[in-house]
Amino acid sequence: MPKFVKVCRTSDVPPGERRLVEAHDKPIALFNIDGTFQAINQVCPHRGGPLAEGRLEGNVVACPWHGWTFCVDTGLPDHDGGHSVSAYEVRVEGDDVLIGWLKP
Ligand code: FES
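An account of the accompanying structure is given in this report. (Residues numbered from 1 in each chain as written. Predicted model: local features only at pLDDT ≥ 70, side-chain atom pairs only at ≥ 80, totals over all residues. Heavy atoms only, no water.)

## Some remarks on the pairing of strand S3 (residues 26-33)
Burial of S3 is extensive: six of the eight residues sit out of reach of the surface. With six bridges joining them, S3 and strand S4 (residues 36-41) adopt antiparallel strand pairing. Paired with Asn32 across the strands is Phe37, a residue of S4. The hairpin formed by S3 and S4 contains two residues between the paired strands, and Asp34 there has a positive phi angle of roughly 50°. (Buried < 20%, exposed > 50% of the residue type's maximum accessible area, 1.4 Å probe, protein only. Helix = DSSP H or I, 4+ residues; strand = E, 2+ residues; numbered from the N terminus. Pairing = 2+ DSSP bridges.)

## Brief notes about the sheet that holds strand S6 (residues 60-62)
Strands in a sheet are paired, the pairing made by backbone hydrogen bonds, and the direction either parallel or antiparallel. Read across the sheet, three strands follow the order S5-S6-S7 without closing on themselves; strand pairing throughout is antiparallel. Lying at the two open borders of the sheet, with one neighbouring strand each, are strand S5 (55-57) and strand S7 (69-71). Strand-to-strand twist in this sheet, taken as the mean axis angle between neighbours without regard to direction, amounts to 25°. Both S6 and S7 contribute to a ladder of three bridges, which runs antiparallel. (Axes fitted to C-alpha atoms, helices over the stretch in contact; angles between N-to-C directions.)

## A short note on the packing of aromatic side chains
Across all of its chains, the model carries zero aromatic pairs by this definition. Lying across the ring of Phe4, Arg91 places its NZ or CZ 3.9 Å from the centre. (Phe/Tyr/Trp six-rings, centres within 6.5 Å; stacked < 30°, edge-to-face > 60°. Lys NZ or Arg CZ within 6 Å of the ring centre and 35° of its normal.)

## Regarding the sheet that holds strand S2 (residues 18-23)
Taking strand neighbours across the sheet as the criterion, the six strands line up as S1-S9-S8-S4-S3-S2 in an open arrangement whose pairing is antiparallel. Two strands lie at the open edges of the sheet, namely strand S1 (5-9) and S2, each paired on one side alone. Mean inter-strand twist for the sheet, computed between neighbouring axes without regard to direction, equals 35°. Here S2 pairs with S3 via six bridges, running antiparallel. Bridge pairing links Arg18 to Phe31 in S3.

Just distances and angles here, no functional claims.
Okay, structure coming up:
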């Protein structure tokens, strides 16, 4: 399996937007933060809420179901003691957005 897989085109996710994609058999929430793409697991660790549908403020997304918040750069909670989600490497090649393995 290639390390990076194409998931969409850059024009599919304008700045400030997000999209549910799939890579490595995982549902992934892809965000465009002022032209920089970030990817985290789509599934909220609380009760499985869809993070690609959450409210985005800066680089923090709030789960639409109960409001848990995560940094889309790192997948870490934006407050002490919270749960985290997996964050993935993202690469742009030409007009393509590719997702790789988990961020180290
Ligand atoms: S399912 Fe995400 S906060 Fe509850």
